Amino acid sequence: MTPAARSQAAIALLDEIITAAREGGAAADTLIAHYFKERRFAGSHDRREIRALVFGAIRRAGERPASGRAALLGLAQDRPELLETLDGSPNGAAPPVPDEPVAEAGIAPAWLLERFDPAIPPADRPALLQRATLDLRVNRLEGAREEALAELPEALPSRWSPIGLRLPEGFRVEQAPAWRRGLVEIQDEGSQLICLGCEAAPDMLVVDLCAGAGGKTLALAAEMADRGRIVASDADRGRLGRMAPRLQRARIGIVETRLINPNREAAMLADLAGQADLVLVDAPCSGSGTWRRNPETRWRITPERLARLTALQARLLDVAAGLLKPGGHLVYAVCSLLAEEGRDQAEALTRGSSLVPAPLAMPTGLASGPGRLLSPARDGTDGFFVARWQRPC
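Residues numbered from 1 in each chain as written. Predicted model: local features only at pLDDT ≥ 70, side-chain atom pairs only at ≥ 80, totals over all residues. Heavy atoms only, no water.

## Some words on the pairing of strand S13 (residues 384-390)
Note on strand geometry: in a regular strand, side chains alternate between the two faces of the sheet.
Right, on to step 1. Buried residues dominate S13, accounting for six of its seven residues.
Right, on to step 2. Relative to S13, strand S9 (residues 324-334) runs antiparallel, the two sharing six bridges. Across the sheet, the residue bridging to Val334 is Phe385, located in S13.
Right, on to step 3. Pairing of strand S10 (residues 356-357) with S13, which is carried by two bridges, proceeds in the antiparallel orientation. (Buried < 20%, exposed > 50% of the residue type's maximum accessible area, 1.4 Å probe, protein only. Helix = DSSP H or I, 4+ residues; strand = E, 2+ residues; numbered from the N terminus. Pairing = 2+ DSSP bridges.)

## Let's talk about the nonpolar core
Right, on to step 1. Ranked by size, the top nonpolar core spans 42 residues in total, and within it Leu209, Val279, Val281, Leu330, Tyr332 and Trp389 carry the most contacts.
Right, on to step 2. Among the secondary structure elements, those contributing two or more residues to this core are helix H5 (110-113), strand S5 (204-208), strand S8 (276-282), helix H13 (303-323), S9, helix H14 (343-352) and S13.
Right, on to step 3. Apart from residues lying up to four places away in sequence, Leu209 is in contact with Ser233, Asp234, Ile260, Leu269, Leu280, Val281, Leu316, Val319 and Ala320.
Right, on to step 4. Grouped together as the second largest cluster of nonpolar side chains are 32 residues, Leu13, Val54, Ala57 and Ala76 included. (Core = buried A, V, L, I, M, F, W, Y, C linked by side-chain atoms within 4.5 Å. Contact = heavy atoms within 4.5 Å.)

## Quick look at unusual backbone geometry
Right, on to step 1. Not every positive phi belongs to a glycine, and Asp99 is a case in point at roughly 70°.
Right, on to step 2. Mapping Asp99 onto the fold places it in the loop between helix H4 (68-78) and H5.
Right, on to step 3. Residue class for Asp99 comes out exposed when judged on its relative accessible area of 82%.
Right, on to step 4. The phi angle at Arg251 is positive, at roughly 60°, despite the residue not being glycine.
Right, on to step 5. Note on placement: Arg251 falls in the loop between helix H11 (243-250) and strand S7 (255-259).

## Some points on the environment of Leu205
Right, on to step 1. By secondary structure assignment, the location of Leu205 is in strand S5.
Right, on to step 2. It is 5.0 Å that separates the C-alpha atoms of Leu205 and Arg229, two residues lying 24 residues apart in sequence.

Now the structure itself:
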């Protein structure tokens with residue numbers, strides 16, 4: 001493909017991604033994969049170049065652009081050589097014309113920036129759009145970090161997590177023998193710190209209330225030495241169904257999955273009421289802490305959707321509190337740096353329940369109300385809020 005054709009392909013993909021963000025459609029990665037599946041003529045170099053243009057334009061535009069062309073013209077303000085590829089050739093886009101829309105550079109929509117936790121200074125925000133790191137968690141059921149480092153000479157020990165590794169971007173983890181035999185699992189270092197902060201131990205009854213595909217479930221099971229019981233629940237059948245092969249590869253046997261219906265969580269977990277040693281609520285959220293992985297998600301969130309998410313988070317915290325036995329612990333986490341999803345929820349639970357804030361074993365992070373914030377700028381992790389409580393005995 002010519003440079004002009006690659007720019008036109010990027011514009012077409014950006015149009016699809018902008019429409020999907022506005023209408024709640026598929027994620028950017030899904031749309032890109034589908035686009036190239038239908039265009040086998042695009043070689044590996046072309047795919048890399050087009051993908052780089054697409055994500056460069058997405059990361060640069062804080063507000064959702066008017067069109068894919070406006071997004072690419074915005075990127076061209078930082079990379080003027082791109083204007084030469086808009087040449088009107090048969091497979092290329094038309095040359096720029098005066099006064100046509102050009103996406104402005106920014107971190108996020110203005111209304112969203114106003115809702116960031118005040119503990120995060122504005123100077124830290126650009127790091128949310130940097131390229132994400134590739135982190136692995138060592139499965140202590142299968143070996144130690146030193147063993148994983150020996151098998152993966154490209155890896156370095158992570159900065160904060162004692163069971164973490166960091167690999168170069170583009171490393172094909174799933175082709176590594178260490179991954180295939182269950183010694184390592186892909187997991188951001190921040191997620192590892194949250195799981196370690198739960199202080200799960202053998203013979204506990206643990207509920208992972210929003211387990212998804214099981215990333216944190218697997219980490220908790222390893223900390224429990226695969227002894228005890230974990231109930232991993234979620235309302236998304238597809239995500240929950242992806243947990244089984246991960247459990248098998250990690251050789252974990254204490255996890256039982258439970259599909260629950262939205263708004264009926266308490267009833268469908270009633271057999272566990274007042275019994276859990278630990279409940280983890282890794283709640284659905286805006287995802288503002290993961291923009292470096294999914295930068296177009298900041299174009300998807302609206303005030304109305306955020307209000308629905310915070311209502312759901314509050315309800316899940318109430319459900320979780322009812323599952324705790326005396327002396328049991330509740331850990332709340334969101335991959336968000338918005339105050340209303342983090343500290344505001346934690347402060348409301350502290351005021352409105354008998355739960356008592358408990359120490360959180362975490363070697364880094366900023367204080368935020370009764371919890372802590374992790375951020376790409378300061379900690380090199382995805383952005384998270386996490387807090388921990390105990391039910392009085």
